[in-house]
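Close look at the chain arrangement
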Amino acid sequence: MKSYFRLFLSGIVLMFLFSTLAAPETKAQNIINEILKRMDEHQKALSSLKASITMDKYNSQLDEHDIYDGTVNYLPAKGRDALIRLDWTQPQQELLSVVNKQYILCRLRLKECIYGNVDSSKKSQQGTGAFDFLNMSKEQLKTNYSVKYLGKEDVRGGIPTWHLELNPKTAKNYKSAELWVDGNGMPIQAKVNENNGDATTVLLFNLQKNADINASIFQFKPPKDWKMTKA
């Protein structure tokens, strides 16, 4: 009888233990589902975006940060890649435009441009990788990533966000990504963690959503006397 009672008591303890462990996991999953739902609704409602942008590129070998400041114009496109134009003003004037997976990166002071395909060159990834998540549906995020909720966190300016970690389910050219999503479902900060320890963090602010943007600004044509180099 005592043996039976000990087994019964042990079973109750184990049930209690598993229930206390499962509760936080269930709560976190509910939060993730709500965040992804808001992101999905925001993605469907966003027709254009103008914003200020800051990019922090961290070099793990040198333990150094390179900071870039500028502006971005973004046009999502259903069923195809979005149009992106970045105009960097600091530390130097550069223009990066991406259309149909083809990019052109121009250093205005030097009057030279590099062009190529976004899938075959890291030159094009100067801040544009963060916008991939703006163009993804809830189903695409769930299919391609294991999503982990890291908690609430304020980004620069005291804006409250949900912090998510995204681990690719299939091999990517980076280790993981992180998103800071505001209450509207807008990822206003993104971080891409490279396999070698390097990282790129992009912050968007001064947001102008669904503003009028002429698609012609994404088709940048340098003057004929500029140097053109294929990547």
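Everything below is about the structure shown above.
The sections below set out a description of the structure shown in this document. Residue numbers restart at each chain and count upward from 1, following the sequence in its written direction. Reporting of local features is limited, given that this is a predicted model, to residues whose pLDDT is at least 70; pairs of side-chain atoms are given and counted only at 80 or more, and all residues count toward the totals for whole chains, interfaces and linings. Only hydrogens and water are set aside when side-chain values are computed; all heavy atoms of the structure are taken into account.

Let us now look at the sheet that holds strand 7 (residues 145–155). Pairing is mixed in the open sheet, where 12 strands are placed in the order 7-8-9-10-11-1-2-3-4-5-6-12. With one partner strand each, in any of the chains shown, strand 7 and strand 12 (227–230) form the two edges of the open sheet. Going from strand to strand, the sheet's axes swing by 20° on average, the running direction of each strand aside. Two strands form a pair only when DSSP identifies at least two bridges running between them. Under the DSSP-based scheme used, a helix requires at least four consecutive residues in state H or I and a strand at least two consecutive residues in state E, with every element numbered from the N terminus. Alignment of strand 4 (residues 94–99) against strand 5 (residues 102–107), held across 6 bridges, turns out to be antiparallel. Residue pairing across strands places Val98 opposite Tyr103, the latter belonging to strand 5. In this analysis, axes come from line fits to C-alpha atoms, helices being fitted only over the stretch in contact, and the angle between any two N-to-C directions falls in the range 0 to 180 degrees.

The next point concerns the pattern of salt bridges. A carboxyl oxygen of Asp or Glu within 4 Å of a side-chain nitrogen of Lys or Arg is what we treat as a salt bridge. Tallied over the full model, the rule gives 6 salt bridges. A salt bridge links Arg85 to Asp87, with the shortest nitrogen-to-oxygen separation between them at 3.0 Å. Like Asp87, Arg85 is buried. The salt bridge involving Glu94 is made with Arg107; its shortest N-O contact spans 3.5 Å. Of this pair, Glu94 sits in strand 4 while Arg107 sits in strand 5, and the two are 13 residues apart along the sequence. Sharing partners across several salt bridges, the network here consists of Glu94, Arg107 and Glu112. Throughout this description, buried means an accessible area under 20% of the type-specific maximum (1.4 Å probe, protein chains only), exposed means over 50%, and partly exposed covers the range between.

Our focus in this paragraph is the layout of surface pockets. Gaps between atoms show up when a probe of the same size as a water molecule is rolled over them. Here the second largest pocket defines a volume of roughly 170 Å³. The way it works is a 1 Å grid over only the protein atoms, where trapped points that fit a 1.4 Å probe form a cavity and open points with protein on both sides within 12 Å along at least five of seven lines form a pocket, and then any residue with an atom within 4 Å of a point lines it. If you go around the second largest pocket, the residues you meet are Ser97, Val99, Gln102, Tyr103, Ile104, Tyr115, Phe218, Gln219, Phe220 and Met228. Of all the elements, strand 5 adds the most residues to the lining of the second largest pocket, at 3 residues. Grid points are joined across faces, edges and corners, and a volume is the space filled by probe spheres set on the points.

Counting 27 residues, the largest nonpolar core has Ile53, Val72, Tyr74, Phe131 and Leu204 as the members making the most contacts within it. Secondary-structure elements contributing two or more residues to this core are strand 1 (49–59), strand 2 (64–75), strand 3 (83–90), strand 4, strand 5 and strand 11 (199–209). If sequence neighbours within four positions are ignored, Tyr74 has contacts with Leu46, Ser48, Leu49, Ala82, Leu83, Ile84, Phe131, Leu134, Asn135, Ile213 and Phe218. Nonpolar core, defined: a set of buried Ala, Val, Leu, Ile, Met, Phe, Trp, Tyr and Cys residues in which side-chain atoms within 4.5 Å join the residues together. Listed in part, the 19 residues of the second largest apolar core include Met136, Leu141, Leu164 and Leu179. Contacts between residues were defined by any pair of non-hydrogen atoms, one from each residue, lying within 4.5 Å.

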